Each structure stands twice: as structure tokens, then as C-alpha cells.
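Residue strings, one per chain:
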Amino acid sequence: MGYTTDWENIMNNAFGKGGRPKFGTGADDGLSSSLDALTRALQDQQKDLDARIQAQTRAVQDSDAATQRALDESRQMLKQMENDGLLAKGTSQVAPEHQGSFMGLADTIKEKVLGQDAFVDSLVRAMRRPFVLGTEGESAKNVILICGSDGTGRHYALRCIAQEMAARGLIRSEAPAMMDLALYNDPGDEKLFLQDLYAALHAPGEMLLFEHYEQCHPGFLTLLADLAIRGSAQLNSRYLVKDGILVDAGTALAPGTVGSLTPRGKYMIFFSPNGREKLADKFGSGMVAAVGDVCQTGPYTVESLQKLAAQSLNKLAQKVHTRLNLKLRAGVDVRDWVADQHNKSEGAGALASVCDQMFRALSEYCLDQDSALTGQVTLTIQDKTPYFSIEGSPARPLLELLPVEYTGALDAVQKEMDRIVGLTELKQYVMDLADNVRVQQRRAAAGLPTSDITMHMIFSGNPGTGKTTIARLLARYLKAIGALSGGQLVEVSRADLVGRYSGHTAPLTNSVIQSALGGVLFIDEAYSLYRGEQDSFGLEAIDTLVKGMEDHRNDLVVVLAGYTREMNEFLTANSGLASRFPNQLEFPDYSGEELLAITKIQAKAKGYAIDPAAEPALLDYYTTQQAENAATAGNGRLARNTLEKAILNQSRRIASDLNAPLETLLVTDFSLGETAQ
């Protein structure tokens, strides 16, 4: 700094050699003059030192300001990059000492993921493992099994960790690639599986998530096990990459073909409710050894649920204030009631769902008011039911404000069922399915084991007894009660399932099964699939059908229809066929009274009315026809054919009679003496 040198100059100006002052020789004025000179010199030097110190202070301040400006500009740049999608959200908020570090990451995640501290610790440790142990080449960073019950925060916790790691620069992208392995349950899905796996491995994210490995075809699991254990997997064919898509190279000798896959340095993460035992059962023991970490969620404690409930209520309060301009007040009773909504099927998600219901109910109240509301809304619990009050108004049940649940689809199906003549026992069986579905749904919500009944059925009986009609209503009814996701009815016969050449049948049958997923597959004259032991194509279709029923037992109902005797023979074609169709429903022939009722209903639907005088003759006619041979008479088809013939005869009768009633069908119009075709 030069302070020492300056001080020495001052002293040298005041003193001579040997340290003697430079005073006059004994004169007082000389001493005084020398002291004044020394004082002035000291003052001047002090001023100079003060000026230098002030200049250095200003320089330090300017440097600090420049540093702060640089930090602010850096944060602004990071924020802009976040908005442009170039960086993960939250990057600009990470403290500098945490950039590129796992320091404090677990604590940060625990502020968001409540009640699963041990799980969060294990998951952060699993993410950190490759940073400590290192990885070789393009092998997996780590193979992780995340297990635990649904609704315990497994996916949410991983999503939070991925966001924070991306914000800290530990991974390039927070977005994971995901494969639902339940989609690849057939060996014919190989090309689709390889294409999707290749795309996932080449996605920008560093995490590859696998769901539902339990439902995947074993051959594909072997390939995934090779990726995890060996770091690479050989493919059965060679492929070219065209626009990011694998194309089978066949026998072409082309350069740059792909004959194997590697994990490309990604985390391989398997989600499952099951632990190591199920993993070993599906993949083999080698896969279990390759798993670096098993991270398992645990059941929520009462305290954890209360914290989660408080978190959900805080979000509700923010939403109510932002959207409805109301301040929300809720006590411990409301928090505990929300916590009690937790169930094992939805998990903690049930808490957020009920808070969402409360918001929608308050929204309905606001929509009914003529003017915007302000002030405070108070929530309370009375008789285990949430009540609300605005600015001291009388408390009212909150959830009663929600629109009544739509049951139109179910009501419509039930009305159609009621209009069907006869088939009382069959209609009752279909209706009883709803009771079982509702009970099993309640058991699942309570965390109890469920016992879903097999709904595959055989409809046997003569033609025209209503088999197809009931099948169509069955599909719509099962969708309405929540037993099926789609509710479509796919009607097929042998020609739609059995191929014309070797290797054609299985893909054809599988294609039909895929089209019926979520609904009902109705196979009319199903016995035609089996034409004896020499019918290899038919037997292959049956075997493929049986496997498809097993693979999709929760989202497919198969109904086989045909004559009673022939259907009994058909069940012997495959050893597993009869056991998969425990519900064998016999459709009885219609009585004369039922056919008369059917005719009257059909006539009304077409805008006609049967003359009451014609009804006794029609009844006798139908009774005689059914007694002689119901199978060839046609049952319901007999009624339809008889009515259509009567309408045609009536048209001829009144064509030249302008005064004749246009809607009345007389007994002479029915030509009951003729044999119905």
C-alpha cells in the first residue's frame, strides 16, 4: 500500500542523522518553525493517506456493485432461458453453492413430498450413486426399482427430484422418457417395442421409466435385462435408422446398421407395486443383482396425512382467493376431515380431489350470485360433512352445491332393458353385475382385497331369442357402471378370426381383440370356429382368443353365441375354454303371448296400431308356430316378418281407399293362413 514508505519520508524530513531533529541551533523560533513544518508535513501526509483510502473504498464498492450486477444479469439470463425452455424451471433460484451439487437436495424435496422422508432419502441416494461410483461407457447410470402402493407419491417425488437436479445442472433435462410395458404383451409386438425403446433411449432426458413390467411379453423383458446387466442388448435383426425410426434392413448389406442397443448412460427406473421377489420372477435373479437401489414408499402416518391435508387446504385457499376473490378460513376440524378422505386406492391423491370438489362447489355458489362476492368464506365440519358460510351467513352443506352426477347412460340402458319382452332371468343377471362392480369398487377404496367375477359369457339358444340385442345392451351397461372403459360391441364371425393361409390367423385374431379392448367382443355362431381336430386354423384362432382373454381380463368381455348343442361341443375344442366361460346363459324360446307383445311394440315404433280384434288370431298363430318348431319359426324374427308382411298387405288394401285409416292393421292384413318365412 506504501504506508511504511510515506511514514519514513515524514520522519526523514523532521530528523537528521542519528535521529536528531533538524532544529535551529538553540533559537526558540527555529524550534517552533521546525515543529510547525513537521505538523504541516504530517497533516499533508494524512490528507494524502485519507484520499488514497477513500479511493480504494470507492473501488471496492464499485467492484461489489459490478459483481452484484453480474449476478443479477446472470439470474435474468437464466430466467429467460427457463422461459424459452432451454433450462429446467427453478434453475435461476438455485443458490450458487448448490449448483452442480446434491447438497441439501433431499431437504428441498421433503418440503414438497410430505410423509415419505425415508423414501426421498433413498431416491436421492439412488440418483447420487453414479456421481460417486462412476459409470462405464454407455451403460446405465443406475438401475432403480421404485415400489410401493398407488397414491403414495412415487411419481411425484421422482418428478420433483428430476426438476431440482436439472435446475442444479446435474442432468441435462428434467423430462423423462416413459414406456408402458403393458402395451407389448404379444410376440407380434416386437417391432413396435423396439421402435419405442429406441426412441426412448434417444430422447433428450436422462431418465427412462418403465411401467407395468408384469404384463410385458417375456422376450422383451429379456432384452431389458440385458441392457441393465450387460450394458447392451443384441437384436435379432439388423436395422437402419431413417428419420429417427428403426427400419428393418432385411438382407441388405447397408453401412451403419443397428444390431444392438445400449442404455446410453440413462437411469433405468422400473415402477411397480411389487418388490424384488416379483422382479426376480419376471426378469430372473441376474436382474435383481443389477438393481442398484430399491426405493419403497411406506404407508402414511396420521401426522403425515394431516400435513398433506394442510398443504392441500393452503392450495385451496390460494385458488379461492385468486379465482373467487374470497378469503378462506378453515380450522383443524376441516384439516382432519380432509385427511380422513385418504384411501388405499387413490392414496394421497384423494385429499387433493376432495379439495378440488370443494373449490368447484364454491364456484357453483359464486356463479349463482348476481354480483361478485368479497369477504371471508368459513369452512366447518358438521356430522362428517363440510359446511360453508360467507361473512357470517347461515352454514350450508358445501358439496350439495355440485351438479348431480350424470346417470343418463345407465338410465337409458335400464329403460331399454325394461322394454325388452321376456328374458326376465337374463335381464336380472345383467343388472346384478352392477351390484358386484359397485361393491368391489367400495372394497378397493377401503383397501380390501377385491374379487372381480369373470364376465365372459356364452349365450345359447335358438335364432331370434334376443342374444345379439342383449349383447349390445350388455356392452353399454358395463360401460355405464364403470366396469368397461369403452363400451363398444364388436360383432364378428369365423371369417373375421380365421386366416386363409399359415401364419395369418393369430395376427388376424389379435387385431380383432385389440379393436374390442374396453368393450364386448361378440362372436356369433362361435361353434363354427371348431370344425374338428384337423381344423388347425380354427384351433389356432381359439388358442389366440383364450390367450387374449387372459392378457386383457380386466378390460375385455367375450360373449360367444350359438345353438345350445353345438356350443356344448365347441367348449371341448380347448382345455381352457370352458373354465373361462363360467356364465352360460340359455335364451328360451318366446311364448305366443311374448311374440304378440313384441309385434305390438314393433308396430308402435313404426307408427302403426294393431286392431284389437286381430290380437286373438295373432296369439293363436304364434302359439301354434312356436309349439310346432320354434327353432325354424324364428322367434323374434317371426314377429318381425309377420308385421312387415302385414304392413305390405295394408298398403295394397288402402291404396285406392282414401278414407281408410293409415295406421290400423286389420286381421286380414296379417295373412295368418300363410306360413311365415
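Everything discussed here concerns the structure shown above.
Residues numbered from 1 in each chain as written. Predicted model: local features only at pLDDT ≥ 70, side-chain atom pairs only at ≥ 80, totals over all residues. Heavy atoms only, no water.

## Topic: a nonpolar patch on the surface
Counted only if it meets this: Residues forming no salt bridge and having over 30% relative accessible area are the ones grouped into patches, like charges within 9 Å of each other and nonpolar side chains (Val, Leu, Ile, Met, Phe, Trp, Tyr) within 5 Å. Every accessible area reported is derived by Shrake-Rupley at a probe size of 1.4 Å, with residue values counting cover from the shown protein chains alone. For this analysis, a salt bridge means a side-chain nitrogen from Lys or Arg found within 4 Å of a carboxyl oxygen belonging to Asp or Glu. Helix and strand definitions here come from DSSP, where helices need a minimum of 4 consecutive H or I residues and strands a minimum of 2 consecutive E residues; each element is numbered from the N-terminal end.
A cluster of nonpolar side chains, Phe-131, Val-132 and Leu-133, forms an exposed patch at the surface whose accessible area comes to about 320 Å². Within the secondary structure, Phe-131 sits in helix α4 (residues 117-133).

## What to know about the nonpolar core
We apply this condition: Joining through side-chain atoms within 4.5 Å is the link that ties buried Ala, Val, Leu, Ile, Met, Phe, Trp, Tyr and Cys residues into a set, and such a set is a nonpolar core. Three labels apply to residues, based on accessible area from a 1.4 Å probe with only protein chains included: buried if under 20% of the type maximum, exposed if over 50%, partly exposed otherwise in between. Note on contacts: a residue pair is in contact if any heavy atoms of the two residues lie within 4.5 Å.
Counting 51 residues, the largest nonpolar core has Phe-459 and Leu-478 as the members making the most contacts within it. Among the elements that line this core, the one with the most residues is helix α15 (residues 467-480), at seven residues. Excluding residues within four positions of it along the chain, Phe-459 makes contact with Lys-467, Ile-470, Ala-471, Leu-474, Phe-522, Val-559, Leu-560, Ala-561, Gly-562, Leu-585 and Phe-587. In this structure, Ala-228, Tyr-239, Met-268 and Phe-283 belong to the second largest nonpolar core, which totals 37 residues.

## Things to note about the pairing of strand β13 (residues 457-461)
Side-chain positions along a regular strand alternate between the two faces of the sheet. Here is the rule we go by: Here, any two strands with at least 2 DSSP bridges between them count as paired.
Counting buried positions along β13 yields five of five residues, so the element is predominantly enclosed. Taking every second residue as pointing to the same face, both faces of β13 are buried, with Met-457, Phe-459 and Gly-461 on one and Ile-458 and Ser-460 on the other. As paired elements, β13 and strand β16 (residues 557-562) share four bridges and run parallel to each other. Looking across to β16, one finds that Ser-460 is bridged to Gly-562. The sheet contact formed by β13 and strand β17 (residues 583-587) spans five bridges and is parallel. Along β17, the bridge assignment pairs Ser-460 with Glu-586.

## Remarks on the sheet that holds β17
For the record, the criterion: Think of each axis as a best-fit line through the C-alpha atoms, taken over the contacting stretch in the case of a helix, with angles from 0 to 180 degrees between the N-to-C directions.
What the five strands build is an open sheet, ordered β14-β15-β16-β13-β17; its pairing is parallel. Of all the strands in the sheet, just β14 (489-492) and β17 have a single pairing partner and so form its edges. Each strand of the sheet is rotated relative to its neighbour by a mean of 20°, with strand direction disregarded. Contacting β13, β14, β15 (520-523), β16 and β17, α15 runs over the sheet at an angle of about 155° to β13.

## Quick word on the pairing of strand β1 (residues 142-147)
Across the six residues of β1, six count as buried, placing the element largely inside the fold. Bridge analysis of β1 against strand β7 (residues 267-272) gives six bridges, and the strand direction is parallel. Bridge pairing links Leu-145 to Phe-270 in β7. Sheet topology places β1 next to strand β8 (residues 293-296); four bridges connect them, and they run parallel. Looking at β8, one finds that Ile-144 is bridged to Asp-293.

## A few points about the pattern of salt bridges
Going through the model one piece at a time under the given rule, you end up with 14 salt bridges. In this structure, Glu-206 and Arg-172 form a salt bridge, with 3.8 Å as the shortest nitrogen-oxygen distance. Taken together, the residues Glu-206 in the loop between α6 (190-201) and β3 (207-211) and Arg-172 in the loop between α5 (154-167) and β2 (177-180) connect sequence positions 34 residues apart. By relative accessible area, Glu-206 is classed as buried at 5%. For Glu-615, the salt bridge identified is with Lys-600, shortest N-O distance 3.5 Å. Of this pair, Glu-615 sits in helix α21 (residues 615-633) while Lys-600 sits in helix α20 (residues 592-605), and the two are 15 residues apart along the sequence. Taking relative accessible area as the criterion, Glu-615 reaches 21% and is therefore assigned partly exposed.

## Examining the packing of aromatic side chains
As a reminder, the rule being used: Side-chain rings of Phe, Tyr and Trp, where Trp is taken by its six-membered ring, are said to pair if the distance between their centres is within 6.5 Å; with planes under 30 degrees apart they count as stacked, over 60 as edge-to-face, and otherwise as tilted. Any Lys NZ or Arg CZ that is within 6 Å of a ring centre and within 35 degrees of that ring's normal is treated as a charge sitting over the ring.
Going through the model one piece at a time under the given rule, you end up with 10 aromatic pairs. Residues Phe-193 and Phe-220 carry aromatic rings whose centres are separated by 4.6 Å and whose planes lie at 15° to one another, so their mutual orientation is stacked. Highlighted residues: Phe-193 in helix α6 and Phe-220 in helix α7 (residues 218-229), separated in sequence by 27 residues. For the pair Phe-193 and Phe-220, a shared accessibility class is recorded, and that class is buried. Summarising the aromatic geometry, the rings of Phe-210 and Phe-270 are spaced 4.8 Å apart at their centres and angled 20° between planes, so their arrangement reads as stacked. With Phe-210 in strand β3 and Phe-270 in strand β7, this pair connects stretches of sequence that are 60 residues apart. Judged on exposure class, the residue Phe-210 and its partner Phe-270 are both buried. Grouped by ring-pair contacts, the aromatic residues Phe-210, Tyr-213, Phe-270 and Phe-283 constitute a single cluster. Directly above the ring of Phe-359 sits Lys-319, whose terminal nitrogen or CZ lies 4.6 Å from the centroid.

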